[in-house]
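# Survey of secondary and tertiary structure
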Amino acid sequence: MNATPAAPTPDELVKLRQDIPDFRIWREMIGDRARYIVRSMRPGISPHTLVTADLGELREVLSNASARQQAARQGELLPVALPAR
């Protein structure tokens with residue numbers, strides 16, 4: 001039996017959008033499954049697109065991307081960290 005993950009509260013998505021403003025973030029329902037779509041808002045921001053059903057993975061990837069963007073603005077280079085599978 002496959003349980004559908006609990007939907008985040010609207011406040012969680014609002015907070016995530018405020019914390020990481022370089023990306024457009026939304027939730028889609030396909031049948032009984034939820035997935036989160038993320039698109040960069042400006043050229044040169046990575047990742048360009050992210051699709052996942054795991055809100056934790058989304059936070060991790062975008063937090064790493066946000067840290068890389070801040071470092072790049074300050075002239076530093078940070079390694080790219082991919083989420084563990």
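Let me sum up the structure you'll find in this document. Since this is a predicted model, take the numbers as computed values, not measurements.

We now examine the overall build of the chain. When helices and strands are tallied, the chain shows two helices and three strands. Mapped from its N terminus to its C terminus, the chain presents α and β elements in the order α-β-β-β-α. When burial is assessed residue by residue, the chain has 31% of its 85 residues classed as buried. In the chain, the share of contacts with a sequence separation of at least 24, taken over all contacts with a separation of at least 6, comes to 25%. Only carbon and sulfur atoms are counted for the fraction: they give 53% of the accessible area of the chain, which is about 6,100 Å².

Secondary-structure assignment places L62 in helix 2 (residues 55-73). Classification of L62 by relative accessible area gives buried; the value is 0%. It is 9.4 Å that separates the C-alpha atoms of L62 and D22, two residues lying 40 residues apart in sequence. Leave out the neighbours within four places in its chain, and L62 touches I20, F23, I25 and V38.

This next bit is on the pattern of salt bridges. According to the stated counting rule, one finds four salt bridges in the structure shown. Residues D22 and R42 are paired through a salt bridge, measuring 3.2 Å at the closest nitrogen-oxygen approach. Of the two residues, D22 sits in the loop between helix 1 (10-19) and strand 1 (23-30) while R42 sits in the loop between strand 2 (33-40) and strand 3 (49-52), which places them 20 residues apart along the sequence. By relative accessible area, D22 is classed as buried at 13%. Look at R42 and you get partly exposed, because its relative accessible area is 39%. The closest approach of N and O atoms between R35 and E28, which form a salt bridge, is 2.9 Å.

Right, let's get into the environment of S63. Mapped onto the elements of the fold, S63 is located in helix 2. Along the primary structure S63 and L16 are separated by 47 residues, whereas in three dimensions their C-alpha atoms are 9.7 Å apart.

With that out of the way, let us pick up the environment of W26. Secondary-structure assignment places W26 in strand 1. Distance in space between the C-alpha atoms of W26 and V38 is 6.7 Å, their sequence separation being twelve residues. Apart from residues lying up to four places away in sequence, W26 is in contact with R17, R35, Y36, I37 and R39. In this structure the side chain of W26 is engaged in a polar contact, spanning 3.1 Å, whose partner is the side chain of E28.

Procedures and definitions
- Residues numbered from 1 in each chain as written.
- Predicted model: local features only at pLDDT ≥ 70, side-chain atom pairs only at ≥ 80, totals over all residues.
- Heavy atoms only, no water.
- Helix = DSSP H or I, 4+ residues; strand = E, 2+ residues; numbered from the N terminus.
- Buried < 20%, exposed > 50% of the residue type's maximum accessible area, 1.4 Å probe, protein only.
- Contact = heavy atoms within 4.5 Å.
- Areas by Shrake-Rupley, 256 points an atom, 1.4 Å probe, with all protein chains shown as cover.
- Salt bridge = Lys/Arg side-chain N within 4 Å of Asp/Glu carboxyl O.
- Polar contact = N/O pair within 3.5 Å; in protein donor to acceptor, adjacent residues only side chain to side chain.

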